[in-house]
Amino acid sequence: MDKQFALPALALGCWPLAGMTRTGVTRQAAKETVAAAIDHGITHLDTAYCYGEDGESERAIAQAIKGRRDAISIASKCGIHWQAGKKQVVNGHPDRLIQEVKESLFRLQVDHLDLLYLHTPDPKIPIQESAGALRRLLDEGTIQAAGLSNGNTDDCKLFAETCPLTACQRHFNMLQQEICSELLPYCRSKEIAMVAYWPLMKGLLTGRMKRDQVFPKTDSRHKYPMFNGDEFQKNLTFVETIQTIATQLDISLSSLVLAWTMGQEGISTVLFGATNAEQVAANATALYCSLDHNTVSAINEAVRQRGTVLGGRKA
Ligand SMILES: NC(=O)c1ccc[n+]([C@@H]2O[C@H](COP(=O)([O-])OP(=O)(O)OC[C@H]3O[C@@H](n4cnc5c(N)ncnc54)[C@H](OP(=O)(O)O)[C@@H]3O)[C@@H](O)[C@H]2O)c1
């Protein structure tokens, strides 16, 4: 483990590969998606113990990175697992975390993780205890850096009392900028990297969704307010506005959206998800896309006009 770990500006999020946003993502498609990302210059892969009921995401990564481990860094997460019946369980007990990491290493067929996040604080366990497990893994060299996902500022402070905190991971996109009020300024002040997930708002900001879109029951997006009713229609109106900007610049909408997100002050890394090599190719062009002041202002004005969006899942 002699290479120095550094987070790049753009990375592949490997959640959709598990076939849990929508079904039908084959192991082969998952493997090809990861391989395409590496071919297109993506050097960081983000996964988690719970991405797939049987670690499908980590297993697909293992197949895709054979012979290429040194070219990439891998982040995984621990602290959430599945019980029968697709029931998600949060468990931040140190013993459980250590056991999950062992299993992640086995599935990924690697001897260390470059970055390990506590997936989410467990309300039943003091976060310092969970952080203690990551500290142990850090000290013994099983992980190169530790992070916290889905935590708030207080969680970060408590976590950092026990374990050096390198990165925070939270959702952030054009329409969901809640972290800007407190967590992002805090991370900047402490030089903690901010890793943004859902930059494409789970596909909505790619322009592929239709006004009469119907998500099958097996597609988890039907559970989110942003994909339902009036909220969804307002979001699509916003997408039409930014599509006009992308068309004027002759770039893809996903490229415009990712480039804008990468350009936001304090955002260290943007994690985009994808389910095939074509999506990866379109999204990776954001690496070469820089937006001028007028474009950024036009996007920000469209965001302002859209106003506050509803975020979380339905009850
Ligand atoms: N820490 C956490 O709790 C947490 C939570 C969520 C996500 N994450 C991480 O963040 C990553 C990103 O989030 P995400 O994958 O949920 O959402 P996302 O990046 O906002 O959207 C990904 C989805 O957008 C669609 N898409 C991507 N590129 C496209 C293109 N060029 N054209 C058309 N459609 C395109 C795909 O939909 P289809 O599936 O329909 O093809 C894909 O599944 C995850 O993969 C994961 O690594 C972390």
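The shown structure was predicted, so the numbers you read here are calculated from the model rather than taken from an experiment.

> So what about the overall build of the chain? Which residues, and what values?
The helix and strand inventory of the chain stands at ten helices and ten strands. Relative to its length of 315 residues, the chain is compact, with a C-alpha radius of gyration of 19 Å against a globular reference of 20 Å. Across its three principal directions, the C-alpha atoms of the chain cover 50 × 40 × 40 Å. The buried share among the 315 residues of the chain stands at 45%. Partitioning the contacts of the chain with sequence separation of at least 6, the portion at a separation of at least 24 is 76%.

> So what about the pairing of strand S9 (residues 193-197)? Which residues, and what values?
Across the five residues that make up S9, a large majority, five, are buried. What you see with S9 is no split at all: Ala193, Val195 and Tyr197 on one side and Met194 and Ala196 on the other are buried throughout. The sheet contact formed by strand S8 (residues 167-171) and S9 spans five bridges and is parallel. Its bridge partner being in S9, Arg170 is matched across the sheet by Ala196.

> If you had to explain the nonpolar core to someone new, which residues and values would you point to?
If you look at the biggest cluster of nonpolar residues, it comprises 92 residues, and the most contacted ones within it are Leu12, Val34, Ile61, Leu116, Leu134 and Cys168. Among the elements that take part in this core, helix H8 (residues 253-262) stands out by supplying seven residues, more than any other. When near neighbours in sequence (up to four residues on either side) are disregarded, Val34 contacts Leu12, Cys14, Leu45, Ala60, Ile61 and Ala64.

What counts and how
Residues numbered from 1 in each chain as written. Predicted model: local features only at pLDDT ≥ 70, side-chain atom pairs only at ≥ 80, totals over all residues. Helix = DSSP H or I, 4+ residues; strand = E, 2+ residues; numbered from the N terminus. Rg over C-alpha atoms; globule rule 2.2 N^0.38 Å. Buried ≥ 20, exposed ≤ 12 C-beta atoms within 10 Å, placed from the backbone. Contact = placed C-beta atoms within 7 Å. Pairing = 2+ DSSP bridges. Core = buried A, V, L, I, M, F, W, Y, C linked by C-beta atoms within 7 Å.

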